[in-house]
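Observations on the model geometry
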Amino acid sequence: LLGMLYANTLRQRLPAAWVPGILFCSKKLLRIGIIFYGFRLTVQNVIAIGAPGVVVDIIIVTSVICLGLLLGKWLKLDTDTAILCSSGSAICGAAAVLGTEPVLNAKPYKTAVAVTTVVLFGTTAMFVYPALFRAGALDALDQQQVAIYTGSTLHEVAHVVGAGNAMNNAYIADNATIVKMIRVILLAPFLIILSLFIAKRPSEDEVATTPKKRKITIPWFAIWFLVVIIINSIIPFPAPVIKGIERVDTFALTMAMTALGTESNFQKFKQAGAKPFILAAILFVWLMGIGYLLARYLVPALQ
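Residues numbered from 1 in each chain as written. Predicted model: local features only at pLDDT ≥ 70, side-chain atom pairs only at ≥ 80, totals over all residues. Heavy atoms only, no water.

Details of helix H3 (residues 43-74)
Rules: Comment: elements are numbered from the N terminus, with helices defined as DSSP H or I runs of at least four residues and strands as E runs of at least two. One less than the residue count of a helix, multiplied by 1.5 Å, gives the span that helix is expected to have.
Here H3 is 32 residues long, yet its end C-alpha atoms lie only 38 Å apart, well below the 46 Å a rise of 1.5 Å per residue gives. Once H3 finishes, Lys76 follows within two positions and takes phi at roughly 60°, a positive value.

Right, dumping it as structure tokens:
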């Protein structure tokens, strides 16, 4: 938000010497941040929650991505924005949007729009879920089902932690976070599949009369993200070390988001219009609905 504020006020006075730093943050530092995000996850997390959490997460991520692409076409939204908004809703919020941006090579304002939809609907969900829990609307679900429902459908890791703790139930809070982390792991295979998908379509900058297939670009940072998860699963790093890495990683992702914000003029937001927010709103309703049905009926069948 601060980057966007700068973009729409003092951007014209930006010193030329700052430009390489902004590009470094929005490209290289962004990839480094995604790689080190893997230190928050372990294979043991996946084993702990078992098949129900993994299966529900895979169904949620796949359905949201597919629905997002279909709705994007129906809304006549450009493909890059549809993919960015869908990945944020499906996987892990802003981190997924930031991870998807370099694979698509999308324009920064589109990334900023997608992150804004995640903040808007993810924050809303963080308050709605505990309210539903306290009102008894989730009474048909047991503790594990509520944890899987919460972890598999809220946008950000922070939203899951916030909602879980607001339910005043340690079991739900802890297990919802693990389910969410499994969703985060799905970011790597998604990015690899996405790189193959976009190789088959012409880029936005190419003239329609001379379409050319893009080269397949393997998102190596996604591969390294998985490698880091495996390393973190094998080597028992001391808690202070992990905390330190997480702090540095959060700083790197913050700088990347700020840099993307500096490229986001409000004029471009106006150009994007209401369609990305309509898409995100429909995906939000889908997450709440399909997530509840899966938690209610599929999870008991898999237990």
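So, the layout of surface pockets
Any space left empty among the atoms is revealed by the rolling of a water-sized probe across them. What counts here: Method remark: on a 1 Å grid restricted to protein atoms, a set of points is classed as a cavity if a 1.4 Å probe fits but cannot get out and as a pocket if it is open with protein on both sides within 12 Å along at least five of seven lines; lining residues have an atom within 4 Å of a point. Grid points are joined across faces, edges and corners, and a volume is the space filled by probe spheres set on the points. Ten residue types, Ala, Val, Leu, Ile, Met, Phe, Trp, Tyr, Cys and Pro, are classed as nonpolar, four, Asp, Glu, Lys and Arg, as charged, and the remainder, Gly among them, as polar.
For the largest pocket, the calculated volume is near 770 Å³. Considering the residues around the largest pocket, the lining is formed by 27 residues, among which Ala94, Glu156, Leu253, Thr254 and Met257 are closest to the centre. Elements represented by at least two residues in the lining of the largest pocket include exactly helix H1 (2-7), helix H5 (94-104), helix H6 (108-135), helix H8 (157-166) and helix H12 (239-261). Per-element tally for the lining of the largest pocket: the top contributor is H12, with nine residues. Along the lines of polarity and charge, the residues of the lining of the largest pocket split into 16 nonpolar, seven polar and four charged.

Quick notes on the nonpolar core
Counted only if it meets this: Residue types Ala, Val, Leu, Ile, Met, Phe, Trp, Tyr and Cys, when buried and joined through side-chain atoms within 4.5 Å, form a set referred to as a nonpolar core. Three exposure classes are used, based on accessible area relative to the maximum for each residue type with a 1.4 Å probe and protein chains only: buried under 20%, partly exposed in between, and exposed over 50%.
In this structure, Ile91, Val184, Leu187, Phe190 and Leu279 are the most contacted members of the largest nonpolar core, which totals 64 residues. If you look at the next biggest cluster of nonpolar residues, it comprises 19 residues, including Tyr129, Ala163, Ile172 and Ala295.

Some details on a nonpolar patch on the surface
Rules: Residues form patches when they are more than 30% accessible in relative terms and have no salt bridge. Like charges link within 9 Å. Nonpolar side chains (Val, Leu, Ile, Met, Phe, Trp, Tyr) link within 5 Å. Residue exposure ignores everything except the shown protein chains as possible cover, and the areas themselves are Shrake-Rupley values with a 1.4 Å probe. By definition here, a salt bridge exists when the distance from a side-chain nitrogen of Lys or Arg to a carboxyl oxygen of Asp or Glu is within 4 Å.
A contiguous nonpolar surface patch, about 560 Å² in accessible area, is contributed by Val43, Ile47, Ile230, Ile231, Ile234 and Ile235. Of all the elements in the fold, those that place two or more residues in the nonpolar patch are H3 and helix H11 (220-234). Counting residues per element, the nonpolar patch draws most heavily on H11, which supplies three residues. Inspection of the secondary structure assignment puts Ile234 in helix H11. Under the relative-accessibility criterion, Ile234 is labelled exposed at 64%.

Quick notes on the pattern of salt bridges
Tallied over the full model, the rule gives two salt bridges. Note that Asp249 is salt-bridged to Arg40, the shortest N-O span being 3.1 Å. Of this pair, Asp249 sits in helix H12 while Arg40 is found in the loop between helix H2 (19-36) and H3, placing the two residues 209 residues apart along the sequence. Note on Asp249: relative accessible area 2%, which makes it buried.

Purely spatial values, then, with no claim about function.
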